[in-house]
Amino acid sequence: MAPLIIDGTIVSAAVEVRTVERVAALAARGVTPGLAVVLVGDDPASRSYVNMKEKDCARIGIRSFDYRLGAQTGQDELDVLMRRLNADPDVHGILVQQPFPAHLDVEHVVAAVSPEKDVDGFHPENLGRLMRGLPGHRACTPWGVMRMLDHYGIDPRGKRAVVVGRSLLVGKPMGLMLLERDATVTWCHSRTADLAAVCREADILVAAIGRPRMIGPEHVKEGAVVIDVGINRTDEGMVGDVDFTAVAPKVCAITPVPGGVGPMTRAMLMSNTVDSAERTA
Ligand code: GUN
């Protein structure tokens, strides 16, 4: 039987409908949510993501504050901007697009954003809150994956979940969010022995590695749910971490690339920004 295609375009649109309603409710109270979007350098992929985020803001009714800084921007200069944005009552969310140029210290930049405005969920306080099971901003990509599972009635409780990848942006928070929902979680990474055998134990397999089509049918149990977080630009266009054509016939549900997890990240960013505006309103 053909698998269920988990459609991020549909789920992100559902999230957006709700976000627009919440923006209208805030407008009735005289509040317009604001998101500061900071890009350091001119990485073309980052530039395109940032442009899309600003378009999302315009469509939804979130004010965006655009900061495009030169690749040579120093730590001090960025600190000054962060202090200003942290103190600005019109700014409810701050996003500094990653990856940063090599001379900037990721830990320093991430910690310079006030946790209340850290709509990326990357600040140590927000990651700590996730670890402790407390409310706080949640990283947009894994938070979007959880939203997709919920939309399709896929309950992680009691399931074996395997997350391939241990990045702070996706893999680590993804596993914690699945754990929070009572999955039995395993993280895999580049040093995992017999990756395919571990992945084959998964009822829910999340691929967040950044290697084109690395996950094949040998990694997948019959009837599993497969979530592909990969966005790899190749000569053949954008491809995921999962070999979709080879894996799809084996599984019960799968996300495509594009049109799977991709649109969810931005939808959750908008939602997190409105959360932040609601908290301060
Ligand atoms: N780079 C890739 N994904 C993200 C994200 O969710 N937020 C930021 N700030 N940078 C990213």
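Residues numbered from 1 in each chain as written. Predicted model: local features only at pLDDT ≥ 70, side-chain atom pairs only at ≥ 80, totals over all residues. Heavy atoms only, no water.

Details of the site of the ligand
We apply this condition: Definition of nearness: a residue and a molecule or strand are near each other if at least one heavy atom of the residue lies within 4 Å of the molecule or strand. Here a polar contact is taken to be a pair of N or O atoms separated by no more than 3.5 Å, where protein atoms must pair a possible hydrogen donor with a possible acceptor and residues adjacent in sequence count only if both atoms sit in side chains. In short, Shrake-Rupley with a 1.4 Å probe defines the accessible areas, and a residue's cover is counted only from the protein chains shown. Here the term charged refers only to Asp, Glu, Lys and Arg, the term nonpolar to Ala, Val, Leu, Ile, Met, Phe, Trp, Tyr, Cys and Pro, and the term polar to all other amino acids, Gly among them.
In the vicinity of the ligand, the contacting residues are Leu95, Val96, Gln97, Gln98, Asp120, Phe122, Leu169 and Thr265. Take Asp120: an N or O atom from its side chain is 2.6 Å from a nitrogen atom of the ligand. The fraction of the free accessible surface of the ligand (280 Å²) that becomes covered by protein chains is 83%. Grouping the constituent residues of the shell around the ligand by class yields four nonpolar, three polar and one charged.

Here's the deal with the packing of aromatic side chains
This is how the line gets drawn: Planes of paired rings set the category: under 30 degrees apart is stacked, over 60 is edge-to-face and the rest tilted, where pairs are Phe, Tyr or Trp rings (Trp by its six-membered ring) whose centres lie within 6.5 Å. Whether a charge sits over a ring comes down to the Lys NZ or Arg CZ being within 6 Å of the ring centre and within 35 degrees of the ring normal.
The full count for this structure, using the stated rule, is zero aromatic pairs. Residue placement shows Arg138 over the ring face of Trp143; its charged tip is 5.5 Å from the ring centre.

A few points about the side chain of Thr73
Quick reminder of the rule: Strands here are runs of E lasting at least two residues and helices are runs of H or I lasting at least four, both read from the DSSP assignment and numbered beginning at the N terminus.
Considering the arrangement of structural elements, one finds Thr73 in the loop between β3 (63-69) and α3 (75-87). Here Gly70 takes part through its backbone oxygen, which lies 2.6 Å from a polar atom of the side chain of Thr73.

Observations concerning the layout of surface pockets
Defined as follows: In this analysis the probe radius is 1.4 Å and the grid spacing 1 Å, with only protein atoms considered; a cavity is a set of points the probe fits into but cannot get out of, a pocket is an open set with protein on both sides within 12 Å along at least five of seven lines, and lining residues have an atom within 4 Å of a point. Grid points are joined across faces, edges and corners, and a volume is the space filled by probe spheres set on the points.
Roughly 970 Å³ of volume is contained in the largest pocket. Around the largest pocket, the lining comprises 41 residues; the ones closest to its centre are Tyr49, Thr141, Leu169, Ile231 and Thr265. Of all elements in the fold, only α2 (44-60), β4 (93-96), α6 (140-151) and α10 (262-280) reach the threshold of two or more residues within the lining of the largest pocket. Of the residues that constitute the lining of the largest pocket, the class distribution is 21 nonpolar, 12 polar and eight charged.

Describing the packing of helix α5 (residues 124-132) against helix α7 (residues 171-180)
Stated formally: The convention used is that axes are lines fitted to C-alpha atoms, helices contributing only their stretch in contact, and that angles between N-to-C directions extend from 0 to 180 degrees. If an angle is under 35 degrees, it is roughly parallel; if it is over 145, roughly antiparallel; if it lies from 65 to 115, roughly perpendicular; otherwise it is oblique. Left-handed is the label given to a crossing in which the near helix is rotated counterclockwise from the far helix by less than a right angle, and right-handed is the label when the rotation is clockwise. When checking whether two residues touch, look at their non-hydrogen atoms; a contact exists if any pair is within 4.5 Å.
Where α5 meets α7, the closest approach of the two axes is 9 Å, and the angle between their N-to-C directions is 30°. In terms of their interaxial angle, α5 and α7 are classed as roughly parallel. Considering how the two elements wind past one another, α5 and α7 form a crossing that is left-handed. Packed against α5, whose contacting residues are Leu127, Leu130 and Met131, the element α7 presents Pro173, Leu176, Met177 and Glu180 at the interface. Here the residues of the contact of α5 with α7 are counted per class, giving six nonpolar, no polar and one charged.

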